[in-house]
Amino acid sequence: MFLKSYTNYILKMRKIFTLTVVFLIGILSSIGQTKVGGLHFNDIEKIGGEELILNGAGVRVKSSSKLYACGLYLNFEAGGKNDDIRIADKDATMVMTIKVISNVITPPIFEDMVRNGLEKATDGNSYKLENEIREFLSFFRGVFSKYEIYKLVYKKGDGLYVYKNQKELGVVKGLPFKKAVFRMWLGDNPVDEELKTSLLGDSGDNPIFGKWKSYYVKTGVAKSVVEIYAIKGKVYGRIDRMLRESERDAICYDCKGADKNQEVEGLVIIKGLKKDGSKYGDGMYTEIEDGEVSDCQIWIDKTNSNVLNVKYKGSGGTQKWRRVR
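Residues numbered from 1 in each chain as written. Predicted model: local features only at pLDDT ≥ 70, side-chain atom pairs only at ≥ 80, totals over all residues. Heavy atoms only, no water.

K.L.:
Can you walk me through the pattern of salt bridges in this structure?
P.N.:
Any two side chains of opposite charge can pair, given that their charged atoms come close. Scanning all chains against the criterion turns up 20 salt bridges. A salt bridge links Lys 320 to Asp 301; its shortest N-O distance comes to 3.0 Å. Taken together, the residues Lys 320 in strand 19 (residues 318-323) and Asp 301 in the loop between strand 17 (293-300) and strand 18 (307-312) connect sequence positions 19 residues apart. Judged by its relative accessible area of 14%, Asp 301 is buried. Overlapping salt bridges bring together Glu 111, Arg 115, Glu 130 and Arg 134 as one network. (Salt bridge = Lys/Arg side-chain N within 4 Å of Asp/Glu carboxyl O. Helix = DSSP H or I, 4+ residues; strand = E, 2+ residues; numbered from the N terminus. Buried < 20%, exposed > 50% of the residue type's maximum accessible area, 1.4 Å probe, protein only.)

Take a look at the structure:
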């Protein structure tokens, strides 16, 4: 009798222990995750010891049917909706995690989705990447099963790696193909506008991000288009384009350090600004005309959100840059 009671007691305790473990696993598994389309995405993805943060996630919908959910992981801070092309084209490690929702994606449907998406992403020039496209498509065989997980992992300076349920399927080398693939979701002609917005996250509400037209101090003539963005909580600005055609191939011979003898277009002239109230400061500005480096402050004009106030040594007071639409 005693043995039977003791056995029942042990079985009961084991059951309680098992339920407790299951409960704790459920709690722990929900920590650090974001739920999208009924599926969970980890907030942090580790690639080769490097931590990438979930920038945004959303669901691909076609003809009222949910096809897949995907999440974009970055190792730098994006500037929201104004930062779409820069993310897609950037030579930086990043991940697009795709979780299949539908059972209707067959190889022919998938190939059509990829080819159509790349054709839109390259403005009709996907034929230039035909070899890469064929190599990419060769990694995917058979029907796509519901809840399968695919990861497109671009490794800086290397190539686009494809994984299925943690197993590596193959790699397409080079940055050009990666640009085209990520532009399918983030380009100016994406496969799904709402999905693009979700992937870019909510940081697009910050009005300083985007492109601004700068001006020569002495003449007031437009000089360049500067793109403002953020990396790891600090604000930067790069020259996207010189407006005078004669200056498009200019070299900054007077610049200092790593910027010396670099092409002016693409040069990062605003570096490391930190938020201080309504302004961003405690960073540096490089004047490309003489290479002078000085402290810098920028802030959105209180009366006009399409005007960016920029102040640095040699700016002749506070410059007013205008938003490029």
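K.L.:
Even after reading the chapter, I still don't get the packing of aromatic side chains, so can you show me in this structure?
P.N.:
Within a pair of aromatic rings, the relevant descriptors are the distance that separates the centres and the angle that separates the planes. A full pass over the atoms with the stated rule returns nine aromatic pairs. Residues Phe 144 and Tyr 150 carry aromatic rings whose centres are separated by 5.4 Å and whose planes lie at 50° to one another, so their mutual orientation is tilted. We note that Phe 144, like Tyr 150, is buried. Ring pairs connect the aromatic residues Phe 110, Phe 136, Phe 140, Phe 144, Tyr 150 and Phe 177, which therefore count as one cluster. In this arrangement the basic side chain of Lys 155 is found over the ring face of Tyr 161, its NZ or CZ atom lying 4.3 Å from the centre. (Phe/Tyr/Trp six-rings, centres within 6.5 Å; stacked < 30°, edge-to-face > 60°. Lys NZ or Arg CZ within 6 Å of the ring centre and 35° of its normal.)

K.L.:
What am I meant to see in the nonpolar core here?
P.N.:
Across soluble globular proteins, nonpolar side chains show a tendency to be buried alongside one another. Counting 43 residues, the largest nonpolar core has Phe 136, Phe 182 and Trp 185 as its most contacted members. Looking at this core element by element, the count peaks at seven residues for helix 5 (residues 175-186). Discounting residues that sit within four places of it in the chain, Phe 136 has contacts with Phe 110, Val 114, Leu 152, Leu 160, Val 162, Val 172 and Phe 177. Ile 208, Val 226, Met 242 and Leu 273 belong to the second largest nonpolar core, which has 27 residues in total. (Core = buried A, V, L, I, M, F, W, Y, C linked by side-chain atoms within 4.5 Å. Contact = heavy atoms within 4.5 Å.)

K.L.:
Help me understand the pairing of strand 7 (residues 149-155), please; the structure alone is not making it clear to me.
P.N.:
Every other side chain in a regular strand lies on the same face of the sheet, so the side chains alternate between the two faces. The buried fraction of strand 7 amounts to five of the seven residues, a majority that puts the element mostly inside the structure. As judged from the six bridges shared by strand 7 and strand 8 (residues 159-164), these two strands associate in the antiparallel manner. The residue of strand 8 that forms the bridge with Tyr 154 is Leu 160. The hairpin formed by strand 7 and strand 8 contains three residues between the paired strands, and Gly 157 there has a positive phi angle of roughly 70°. (Pairing = 2+ DSSP bridges.)

K.L.:
Any chance you could explain the environment of Ile 87 here in plain terms?
P.N.:
Within the fold, Ile 87 resides in helix 2 (residues 84-89). Each C-alpha atom, one on Ile 87 and one on Phe 182, is 8.2 Å from the other, the two residues being 95 residues apart in sequence.

K.L.:
Please explain the sheet that holds strand 7 as it appears in this structure.
P.N.:
Strand pairing in a sheet is mediated by backbone hydrogen bonds. Such pairs are either parallel or antiparallel. Overall, antiparallel pairing links the seven strands, which are arranged 3-4-5-6-7-8-9 in an open sheet. Unpaired on one side and paired on the other, strand 3 (44-47) and strand 9 (167-173) mark the two borders of the sheet. In this sheet, neighbouring strand axes are inclined to one another by 25° on average, regardless of whether the strands run parallel or antiparallel. On the sheet, helix 4 (residues 130-137) packs against strand 7, strand 8 and strand 9 and is oriented at approximately 180° with respect to strand 9. (Axes fitted to C-alpha atoms, helices over the stretch in contact; angles between N-to-C directions.)

K.L.:
Just checking my understanding: could you explain unusual backbone geometry for this structure?
P.N.:
Although it is not a glycine, Asp 123 sits at a positive phi angle of roughly 55°. Mapped onto the elements, Asp 123 comes out in the loop between helix 3 (107-121) and helix 4. Given a relative accessible area of 59%, Asp 123 falls into the exposed group. One non-glycine residue, Asp 282, lies in the positive phi region at around 60°. Along the chain, Asp 282 falls in strand 16 (residues 279-286).

K.L.:
Could you clarify how one ought to interpret the sheet that holds strand 17 in this entry?
P.N.:
The strand order around the closed barrel built from eight strands is 10-11-12-15-16-17-18-19, with neighbouring strands paired in antiparallel fashion. Adjacent strand axes in the sheet meet at a mean angle of 30°, parallel and antiparallel pairs treated alike. Where strand 10 (residues 210-215) lies against strand 19, two bridges are found, and the strand directions are antiparallel. Bridge pairing in strand 19 places Lys 213 opposite Arg 322.

K.L.:
Explain the state of the cysteines to me, please; I cannot follow it from the model alone.
P.N.:
The bond known as a disulfide is covalent and runs between the sulfur atoms of two cysteines. Considering all chains together, one arrives at one disulfide under this definition. The disulfide bridge from Cys 252 ends at Cys 255, spanning 1.9 Å between sulfur atoms. What sets the handedness of the Cys 252 and Cys 255 disulfide is the S-S torsion sign, and at about 75° it is right-handed. Take Cys 252: its relative accessible area is 1%, and that puts it in the buried class. Look at Cys 255 and you get buried, because its relative accessible area is 2%. (Disulfide = S-S within 2.5 Å.)

K.L.:
Is there a simple way to think about the environment of Asn 125 in this case?
P.N.:
Among the secondary structure elements, Asn 125 is positioned in the loop between helix 3 and helix 4. In this structure, the C-alpha to C-alpha distance between Asn 125 and Ala 180, residues 55 residues apart in sequence, is 10.0 Å. Side-chain polar atoms of Asn 125 contact the backbone oxygen of Thr 122, separated by 3.1 Å. (Polar contact = N/O pair within 3.5 Å; in protein donor to acceptor, adjacent residues only side chain to side chain.)

K.L.:
What is the right way to look at helix 5 in this model?
P.N.:
In an α-helix, one turn spans 3.6 residues, which is why side chains three or four residues apart end up on the same side. Between the first and last C-alpha of helix 5 there are 16 Å, a value that for 12 residues agrees with the 16 Å anticipated at 1.5 Å per step. All of the buried residues in helix 5 are Phe 177, Lys 178, Ala 180, Val 181, Phe 182, Met 184, Trp 185 and Leu 186. (Expected span 1.5 Å × (residues − 1).)

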